[in-house]
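Single-letter residue listing:
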Amino acid sequence: LLKTYEGTYLSARLHMALICGLRQGEALGLRWQDVDLETGLIQIRTQIQIIDGKQSFSSLKTERSRRSLVLTESTRNALLIHRNLVEEMFVKTDGDWQDWDLVFPRNNGTPRSAQTDYDDWQKALKLCGIAPKRLHDARHTAATLMYSQGIGIETISRSLGHSSSAITSRLYVH
């Protein structure tokens with residue numbers, strides 16, 4: 001998936017799911033002000049949710065959900081390319097951009113819908129010959145990849161924003 005979509009708009013989004021393990025709302029609510037590409041750190045502070053029929057920023061469900069993540073070099077590079085793609089989108093709007101400061105905006109700057117995000121995930125899987133999976137399964141992949149690299153359960157739990165490492169151990173690492 002990552003190799004197939006390298007250099008495309010979807011590349012950084014796939015990295016956020018498969019490498020960082022962000023929840024869908026966290027990824028869709030990620031803002032550039034929370035991304036430091038120089039240090040390779042991102043802050044997970046808010047999420048996008050539907051509130052009263054409108055997409056809005058909202059608080060994360062637990063205090064442990066608020067976290068800092070260190071990006072891999074490949075994820076950092078994907079975000080650098082992605083930032084340029086978003087800037088190109090901005091230029092093409094010719095003044096019709098609504099600045100939400102989103103890392104993964106629609107082509108007018110507003111939040112992408114969860115359904116569009118999910119549909120893109122399914123199309124990516126299909127193109128790569130992978131059976132349909134829930135987007136949330138990418139979090140399991142991220143946890144398993146971290147574990148296979150010798151990262152401890154407690155660290156993986158904090159990276160995923162889980163309230164306890166028992167959840168991570170029982171449900172996420174395969």
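Look up: the structure comes first, before these words.
Residues numbered from 1 in each chain as written. Predicted model: local features only at pLDDT ≥ 70, side-chain atom pairs only at ≥ 80, totals over all residues. Heavy atoms only, no water.

J.: What's the story with the nonpolar core in this structure? I'm lost.
T.: Among soluble globular proteins, nonpolar side chains are generally buried collectively. Judged by nonpolar contacts, the single largest core of 22 residues is most densely connected at Met16, Leu22, Val35, Ile42 and Leu79. Elements represented by at least two residues in this core include exactly α1 (9-18), β2 (41-44) and α3 (73-92). When residues in this core are grouped by element, the largest group, four residues, is from α3. Apart from residues lying up to four places away in sequence, isoleucine 42 is in contact with Met16, Leu22, Asp34, Val35, Arg67, Ser68, Leu69 and Leu71. (Core = buried A, V, L, I, M, F, W, Y, C linked by side-chain atoms within 4.5 Å. Buried < 20%, exposed > 50% of the residue type's maximum accessible area, 1.4 Å probe, protein only. Helix = DSSP H or I, 4+ residues; strand = E, 2+ residues; numbered from the N terminus. Contact = heavy atoms within 4.5 Å.)

J.: In this structure, what is going on with the packing of aromatic side chains? I would like to understand it.
T.: Remark: the centre distance and the inter-plane angle together describe each pair of aromatic rings, the angle taken between the planes. What the rule picks out here adds up to two aromatic pairs. Ring geometry for phenylalanine 57 and tryptophan 100: centres 5.6 Å apart, planes at 45°, overall tilted. Separated by 43 residues along the polypeptide, phenylalanine 57 in strand β4 (residues 54-59) and tryptophan 100 in the loop between α3 and α4 (114-127) bring together distant segments of the chain. What makes phenylalanine 57 partly exposed here is its relative accessible area of 28%. What makes tryptophan 100 partly exposed here is its relative accessible area of 26%. Arranged with centres 5.8 Å apart and planes meeting at 85°, the rings of phenylalanine 90 and tryptophan 97 form a pair that is edge-to-face. The class for phenylalanine 90 is partly exposed, based on a relative accessible area of 46%. You can call tryptophan 97 buried: its relative accessible area is 16%. The ring of phenylalanine 57 carries the charged tip of arginine 31 above its face, separated from the ring centre by 4.2 Å. (Phe/Tyr/Trp six-rings, centres within 6.5 Å; stacked < 30°, edge-to-face > 60°. Lys NZ or Arg CZ within 6 Å of the ring centre and 35° of its normal.)

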